[in-house]
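# Geometric and topological summary
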Amino acid sequence: MKPDSTPPSPTATAEPPGSGAAMLAVDGLAKSYPNKKGAVRAIEQVSFTLHEGEFVSIVGPSGCGKTTLLSCIAGLLPPTGGSVTLGGRAVTGPPPGLSVVFQDYSRSLFPWLSVESNVGLPMKSERASKAEIKRDVARLLTQVGLDPSVGGRYPWQLSGGMQQRVAIARALISHPKVLLMDEPFASVDAQTRTGLEDLLLRVWEEYNKTILFVTHDIDEAVYLSDRIVVLSKSPSSVVAELEVPLPRPRDQFATKENPVYAQLRAEVFRLVMKDMPAA
Ligand SMILES: Nc1ncnc2c1ncn2[C@@H]1O[C@H](COP(=O)(O)OP(=O)(O)OP(=O)(O)O)[C@@H](O)[C@H]1O
């Protein structure tokens, strides 16, 4: 496997996000799960497009079908209608060029493998040499803010935040075009979460990735994204797509003090709560 050429610096991204070619197109996607009574319609008629280099978040009321949507996009679950195309090719199974990071890092990482083996696994299956794997794993661990010596430890010896950094390193090592993230920071404490948000923004800018990020957290969606896709309650469809015109680079203090941040947060909250079942 060839390593990426030197990652471009954040300032080298000449085009504004969202101005690139269509990278991921979701068109009329539907998914029903069979049950004793017939079927549970989880999502129906979900359509949106991600352009190259864009950071897009999906939000919606609890149980609206966010995980179902992401699983269909990742080719892990066959949709019952509609289509997904990645780089112009129909997704019919897990496609090359796409990596997934789950909320539950134990789903991303094998506890019986060292951190180095976990991160290097995609390269191993592509028959990279041991030296190449070692070099790239150390580079990626540094990139996600971990000391390369962590490579010799096991996932269960690390904190939740560190494990999620390892999962991000592993997702990046195969140079995916698109990163799908399913509530990746929902299982860590608030301070760790803000650190991971800023890490993700740095990685996104440096590697010029296209990211689709599912979250329950409206603040997080506004802070991170170029655009927010709001889903209705299940069976869900897209009720709104909102641009986030906040300047970049984002900053946990300055961005959140910007009146546009508060305005957008309130708007997304209103759209999501409209469809929330009573507690
Ligand atoms: N394997 C399954 N079999 C049957 N129904 C399912 C299955 N998985 C999900 N569902 C149903 O599909 C709908 C959407 O579920 P999904 O987990 O995708 O939503 P979500 O938005 O990710 O949920 P949450 O807000 O809890 O993260 C729900 O009504 C759920 O009960």
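Here, residues in each chain are numbered from 1, in the same order as that chain's written sequence. Restriction of local features to residues with pLDDT of at least 70 applies here, the model being predicted, together with a cutoff of 80 or more for giving and counting side-chain atom pairs; totals for whole chains, interfaces and linings are based on all residues. Side-chain figures throughout are based on the complete set of non-hydrogen atoms in the structure, without hydrogens or water.

### Concerning the site of the ligand
Note on definitions. A residue lies near a molecule or strand when any single heavy atom of the residue is within 4 Å of it. Surveying the vicinity of the ligand reveals the residues Tyr33, Ala42, Ser62, Gly63, Cys64, Gly65, Lys66, Thr67, Thr68, Glu183 and His216. Any pair of N or O atoms that falls within 3.5 Å is considered a polar contact. Within protein, one atom must be able to donate a hydrogen and the other to accept it, and sequence-neighbouring residues count only if both atoms are side-chain atoms. In the model, an oxygen atom of the ligand is placed 2.9 Å from a nitrogen or oxygen of the Gly65 main chain. One of the side-chain N or O atoms of Thr68 is found 2.5 Å from an oxygen atom in the ligand. A run of H or I in DSSP becomes a helix once it reaches four residues, and a run of E becomes a strand once it reaches two; helices and strands are each numbered from the N terminus. The element contributing the most residues to the shell around the ligand is helix α1 (residues 66–73), with three residues. Under the scheme applied, nonpolar residues are Ala, Val, Leu, Ile, Met, Phe, Trp, Tyr, Cys and Pro; charged residues are Asp, Glu, Lys and Arg; polar residues are all the others, including Gly. Taken together, the residues that form the shell around the ligand break down as three nonpolar, six polar and two charged.

### Overview of the pairing of strand β2 (residues 38–51)
Both strand β1 (residues 22–35) and β2 contribute to a ladder of 10 bridges, which runs antiparallel. Paired with Leu29 across the two strands is Val46, which belongs to β2. What makes two strands pair is DSSP finding at least two bridges between them.

### Considerations on empty space enclosed by the protein
A pocket, in this scheme, is an open set of points on a 1 Å grid over the protein atoms alone with protein on both sides within 12 Å along at least 5 of 7 lines, while a cavity is a set where a 1.4 Å probe fits but cannot get out; residues line either one if an atom lies within 4 Å of a point. Grid points are joined across faces, edges and corners, and a volume is the space filled by probe spheres set on the points. The tally for this structure, following the rule as stated, stands at one cavity of 30 Å³ or more. Roughly 60 Å³ of internal volume is contained in the largest cavity. Around the largest cavity, the lining residues are Thr67, Leu70, Ser71, Ala74, Leu76, Val100, Phe102, Arg107 and Asp182. Per-element accounting of the lining of the largest cavity gives the leading share, three residues, to α1. Looking at the lining of the largest cavity, its residues break down into five nonpolar, two polar and two charged.

### Quick word on the confidence of the model for the protein
What pLDDT reports is the predictor's confidence in each residue, on a scale of 0 through 100. Mean pLDDT over the protein works out to 89, with 92% of the residues at or above the 70 mark. Reported for the predicted complex are a pTM of 0.88 and an ipTM of 0.96.

### Digging into a nonpolar patch on the surface
Residues enter patches when their relative accessible area tops 30% and they take part in no salt bridge; the joining distance is 9 Å for like charges and 5 Å for the nonpolar side chains Val, Leu, Ile, Met, Phe, Trp and Tyr. Computed by Shrake-Rupley with a 1.4 Å probe, the accessible areas treat only the displayed protein chains as cover when residues are assessed. Definition used for salt bridges: Asp or Glu carboxyl oxygen within 4 Å of a side-chain nitrogen of Lys or Arg. On the surface, a nonpolar cluster with roughly 270 Å² of combined accessible area is contributed by Phe269, Met273 and Met276. Structurally, Phe269 can be placed in helix α9 (residues 259–273). Exposure remark for Phe269: the relative accessible area of 45% places this residue in the partly exposed category. Exposure classes here rest on a 1.4 Å probe applied to the protein chains alone. A residue is buried below 20% of its type maximum, exposed above 50%, and partly exposed in between.

### Some points on helix α5 (residues 160–173)
The span expected for a helix works out to 1.5 Å for each residue beyond the first. Under the 1.5 Å per step criterion, the end-to-end length of α5 is 20 Å for 14 residues, consistent within 8% with the ideal 20 Å. Buried residues dominate α5, accounting for 13 of its 14 residues. Positioned one or two residues after α5, His175 has a phi angle of 50°, which is positive.

### Considering the side chain of Arg227
Inspection of the secondary structure assignment puts Arg227 in strand β9 (residues 227–231). The buried category is assigned to Arg227, whose relative accessible area is 5%. Polar contacts involving the side chain of Arg227 include one to the main-chain carbonyl oxygen of Thr49, which spans 2.6 Å. Working rule for contacts: check all heavy atoms of both residues, and any pair within 4.5 Å makes them a contact. Apart from the residues lying within four places of it in its own chain, the contact partners of Arg227 are Thr49, Leu50, His51, Glu54, Phe55, Val56, Ser57, Glu241, Leu242, Glu243 and Val244.

### Side note on the pattern of salt bridges
Applying the stated criterion across every chain yields a total of 13 salt bridges. In this structure, the salt-bridge partner of Arg41 is Glu44, at a minimum N-O distance of 3.0 Å. The residue Glu197 makes a salt bridge to Arg193 at a minimum N-O spacing of 3.9 Å. Of the two residues, Glu197 and Arg193 both sit in helix α6 (residues 190–207), four residues apart, roughly one turn of that helix. Glu197 gets classed as buried once you look at its relative accessible area, which sits at 3%. In the salt-bridge network here, residues are joined through shared partners; they are Glu54, Arg227, Glu241 and Glu243.

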